[in-house]
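Working through the structure, step by step
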Amino acid sequence: MHEKDLSLLARILPHMFARWRLPRDFEILAEHPDGRILIDALAGAAIHETAGTLDLTIARELKAGLDSQLEQRGIARDTLWEATVAIVVDTSRVKTDRNNIVHFDFRITSRIRAESGTYEGAQDEEHVWHSRAEGAEE
């Protein structure tokens, strides 16, 4: 019934992550090793594959955004079994002085599993720069 809406939401979730620019979250990512982060957009929680739970504001924002979209589209939240955003973080492509600036590349995928099927989206976000001085102020 809501296949088109869920397909669109699966494409929107990676876009939401790619467009976010919160220095506090970038600081958290800069302090952890490159790798895969899984965000549960239904719970608003993020887990790094080796570092464990991360307190990322974007995880809560993805939950709020998803909840809002579901409400606007008349989709019952309990019809979704899974809504995840997986991010592969790579800071190695451009060498920087990590004490001052960090260069991020993100490979972002999403998956929504619901009663009506599985819906996926993907987006790459390259050359995202974070000045550590900015992050220290917040």
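Before reading on, note that the structure itself is shown above.
The structure reproduced in this document is the subject of the present report.

Our focus in this paragraph is the environment of N100. Of note, N100 is situated in the loop between β4 (80-90) and β5 (101-114). Given a relative accessible area of 47%, N100 falls into the partly exposed group. With 64 residues separating them in the primary sequence, N100 and R36 have C-alpha atoms 23 Å apart.

With respect to the secondary-structure elements, H48 resides in strand β2 (residues 45-48). A polar contact is formed between the side chain of H48 and the backbone oxygen of P33, at a distance of 2.8 Å. Of note is the side chain of H48, whose polar atom sits 3.0 Å from the backbone nitrogen of T50. Sequence-distant contacts of H48, defined by excluding residues within four places in its chain, comprise H32, P33, D34, G35, R36, I37 and L54.

One pass over the structure, following the stated rule, counts 7 aromatic pairs. Taking the centre distance of 4.4 Å and the plane angle of 40° together, the rings of F17 and W20 count as tilted. Neither residue differs from the other here; F17 and W20 are each classed as buried. Geometrically, the ring pair formed by F26 and F104 is stacked, given 5.3 Å between the ring centres and 25° between the ring planes. You can see F26 sitting in helix α2 (residues 23-30) and its partner F104 sitting in strand β5, a full 78 residues away along the chain. Classification of F26 as buried rests on a relative accessible area of 3%. A relative accessible area of 0% means that F104 is categorised as buried. Put simply, the rings of F17, W20, F26, F104 and F106 touch in pairs and so form one group of aromatic residues.

Cut-offs and rules
Residues numbered from 1 in each chain as written. Predicted model: local features only at pLDDT ≥ 70, side-chain atom pairs only at ≥ 80, totals over all residues. Heavy atoms only, no water. Helix = DSSP H or I, 4+ residues; strand = E, 2+ residues; numbered from the N terminus. Buried < 20%, exposed > 50% of the residue type's maximum accessible area, 1.4 Å probe, protein only. Polar contact = N/O pair within 3.5 Å; in protein donor to acceptor, adjacent residues only side chain to side chain. Contact = heavy atoms within 4.5 Å. Phe/Tyr/Trp six-rings, centres within 6.5 Å; stacked < 30°, edge-to-face > 60°.

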